[in-house]
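# An overview of the molecular structure
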Amino acid sequence: CLLLGVEWHPTGDFFTISDYGNPDTGDPPSIQFRSRYGTLQRTIERPGAEIRNVRWNIAGDRLAATADALVIYDETGKMLGETDAAADLWGLAWSPGRSL
C-alpha cells in the first residue's frame, strides 16, 4: 500500500497511518492505528477514495481524515461524522486553540 499520511497521537503512545489501499490485492484504503513500536492495533477501512491525510486534534479525542470527504473519528476509530466534498480533499489542520 502507498502510505499518504502519518500522525502521532498527542500522547505519543501510538500513531496513525493513512494509505491508498492496494487495488491489485483488493485492499481498500485504510487508517492504521499502530503502537509507538509499529505494532498494528486496529484498522479502519474506507472503500472508495484513498485516505490522503490524518490529523489529531489537540485533545487527542478526535481524528480528522481527508479523502473524497472530511471524516471525523473518535480515539477508538468510531466514525462520528462525515461531510460531502465538492472535490477530493488533501490538506487538513485543526484550529490550534480548539479541540472541537
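Quick note: structure is the one above.
The rules behind the values
- Residues numbered from 1 in each chain as written.
- Predicted model: local features only at pLDDT ≥ 70, side-chain atom pairs only at ≥ 80, totals over all residues.
- Heavy atoms only, no water.
- Pairing = 2+ DSSP bridges.
- Helix = DSSP H or I, 4+ residues; strand = E, 2+ residues; numbered from the N terminus.
- Axes fitted to C-alpha atoms, helices over the stretch in contact; angles between N-to-C directions.
- Phe/Tyr/Trp six-rings, centres within 6.5 Å; stacked < 30°, edge-to-face > 60°.
- Buried < 20%, exposed > 50% of the residue type's maximum accessible area, 1.4 Å probe, protein only.

As a further point, take the sheet that holds strand S1 (residues 3-8). Read from one edge of the open sheet, 4 strands run S1-S2-S3-S4, paired in antiparallel fashion. Across the chains shown, the open sheet's two edge strands, defined by having one partner strand only, are S1 and strand S4 (40-45). Ignoring which end each strand starts from, the neighbouring axes of this sheet average 20° apart. Here 5 bridges tie strand S2 (residues 14-19) to strand S3 (residues 30-35), and the two strands are oriented antiparallel to one another. Across the sheet, residue Ile17 finds its bridge partner in S3, namely Gln32.

It is worth spelling out the packing of aromatic side chains at this point. For the structure on display, the rule yields 4 aromatic pairs. Seen from their ring centres, Trp8 and Phe15 are 4.9 Å apart, and the 55° between their planes marks the pair as tilted. Phe15 sits in the buried class, given a relative accessible area of 13%. Taking the centre distance of 5.9 Å and the plane angle of 25° together, the rings of Phe14 and Phe33 count as stacked. Placement of Phe14 in strand S2 and of Phe33 in strand S3 is noted, with a sequence separation of 19 residues between them. With relative accessibility at 12%, the residue Phe14 sits in the buried group. Since its relative accessible area comes to 0%, Phe33 is described here as buried.

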